[in-house]
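# Chains, contacts and geometry: an overview
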Amino acid sequence: MIFTLIIQASPYQHQAPETALRFAKALLRQGHTLHRIFFYRDGVHNGSALVSSPRDEVNLPEQWQALAEDHELDIVVCIAAAIRRGVLDATEAKRYERRGDNLHSAFELSGLGQLVEASLLSDRVITFGG
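The structure displayed is predicted, hence computed values, not measured ones.

### Examining the nonpolar core
In terms of nonpolar packing, the biggest core is built from 34 residues, with Leu34, Ile37 and Trp64 touching the most fellow members. Of the residues forming this core, the biggest block, 6 residues, is contributed by helix H1 (residues 16-29). Ignoring anything within four residues of it in the chain, the contact list for Trp64 reads Ile7, Pro17, Ala20, Leu21, Ala24, Ile37, Phe39, Asn46, Ile75 and Phe107.

Here you go:
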């Protein structure tokens, strides 16, 4: 089956991103396809390269990044939600005249059209958080 996941919660305020990560890993182990992982609302914070966790805690953004890189996954951060929350790539940082960017390179900023397209191409769309 082809899945798309939507994560709508920030990495440390809610259990949803960690549950979604475990679910994604289980899907891949079972041979399913992850068409896209879409981070929306406060979930965009999962794409920040600046999140730093204490050494004895799980760093969820790093784990999402590793999963995406290991499996060549398409992980998208909603551009409108990200800009509102200060999660910017280099292009948007320049556009909004900010000093720096903080979106990890494994993530892509894009619009809701990517979510619509993923929904059309997937057998299942599952939302975590909200």
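### Comments concerning H1
Helix length check: H1, at 14 residues, gives a terminal C-alpha distance of 20 Å against a target of 20 Å (1.5 Å per residue), a fit within 8%. Those residues of H1 lying buried are Ala16, Pro17, Ala20, Leu21, Ala24, Leu27 and Leu28. The arc that holds every buried residue of H1, seen down its axis, measures 135 degrees, which confines them to one face. Tucked into the core, H1 has its buried residues touching strand S1 (2-7), strand S2 (33-39), helix H2 (60-71) and strand S5 (124-128).

### What about the sheet that holds strand S4 (residues 107-110)?
Taken in spatial order, the 5 strands of this open sheet run S4-S3-S2-S1-S5, and their pairing is parallel. Since the sheet does not close on itself, it has two edges, and those belong to S4 and S5, each with one partner. Mean inter-strand twist for the sheet, computed between neighbouring axes without regard to direction, equals 25 degrees. Sheet strands touched by H1: S1, S2 and S5. Its angle to S1, the strand with the most contacts, is close to 170 degrees.

### Notes on the side chain of Asn59
Along the chain, Asn59 falls in the loop between S2 and H2. Polar contacts involving the side chain of Asn59 include one to the main-chain amide nitrogen of Glu62, which spans 3.0 Å. When near neighbours in sequence (up to four residues on either side) are disregarded, Asn59 contacts Tyr12, Val51, Ser52 and Ser53.

### Here we look at unusual backbone geometry
Non-glycine residue Glu72 carries a positive phi angle of around 50 degrees. For Glu72, the position within the fold is in the loop between H2 and strand S3 (75-78). Phi angles above zero are rare outside glycine, and Glu97 is one such case at about 55 degrees. Within the secondary structure, Glu97 sits in the loop between helix H4 (90-95) and S4. Glu97 gets classed as exposed once you look at its relative accessible area, which sits at 71%.

### A short note on the environment of Leu103
Along the chain, the position of Leu103 falls in the loop between H4 and S4. Residue Leu103 is classed as buried on the basis of its relative accessible area of 10%. A sequence separation of 75 residues divides Leu103 from Leu28, and the C-alpha atoms of the two residues are 25 Å apart.

### Description of the packing of H1 against H2
Geometrically, a packed helix pair is captured by the angle between its two axes and the distance between the axes. As a packed pair, H1 and H2 sit with axes 10 Å apart at the nearest point and diverge in direction by 20 degrees. Between H1 and H2, the angle falls in the class roughly parallel. Note on packing geometry: the crossing formed by H1 with H2 is left-handed. Touching Pro17, Glu18, Ala20, Leu21, Ala24, Lys25 and Leu28 of H1 are Leu60, Gln63, Trp64, Leu67 and His71, all from H2. Looking at the contact of H1 with H2 residue by residue, the classes come out as 8 nonpolar, 2 polar and 2 charged.

What counts, and where the lines are drawn
- Residues numbered from 1 in each chain as written.
- Predicted model: local features only at pLDDT ≥ 70, side-chain atom pairs only at ≥ 80, totals over all residues.
- Heavy atoms only, no water.
- Core = buried A, V, L, I, M, F, W, Y, C linked by side-chain atoms within 4.5 Å.
- Buried < 20%, exposed > 50% of the residue type's maximum accessible area, 1.4 Å probe, protein only.
- Helix = DSSP H or I, 4+ residues; strand = E, 2+ residues; numbered from the N terminus.
- Contact = heavy atoms within 4.5 Å.
- Expected span 1.5 Å × (residues − 1).
- Arc of directions from axis to C-beta.
- Pairing = 2+ DSSP bridges.
- Axes fitted to C-alpha atoms, helices over the stretch in contact; angles between N-to-C directions.
- Polar contact = N/O pair within 3.5 Å; in protein donor to acceptor, adjacent residues only side chain to side chain.
- Parallel < 35°, antiparallel > 145°, perpendicular 65-115°, else oblique.
- Left-handed = near helix turned anticlockwise from the far one by under 90°.
- Nonpolar A, V, L, I, M, F, W, Y, C, P; charged D, E, K, R; others polar.

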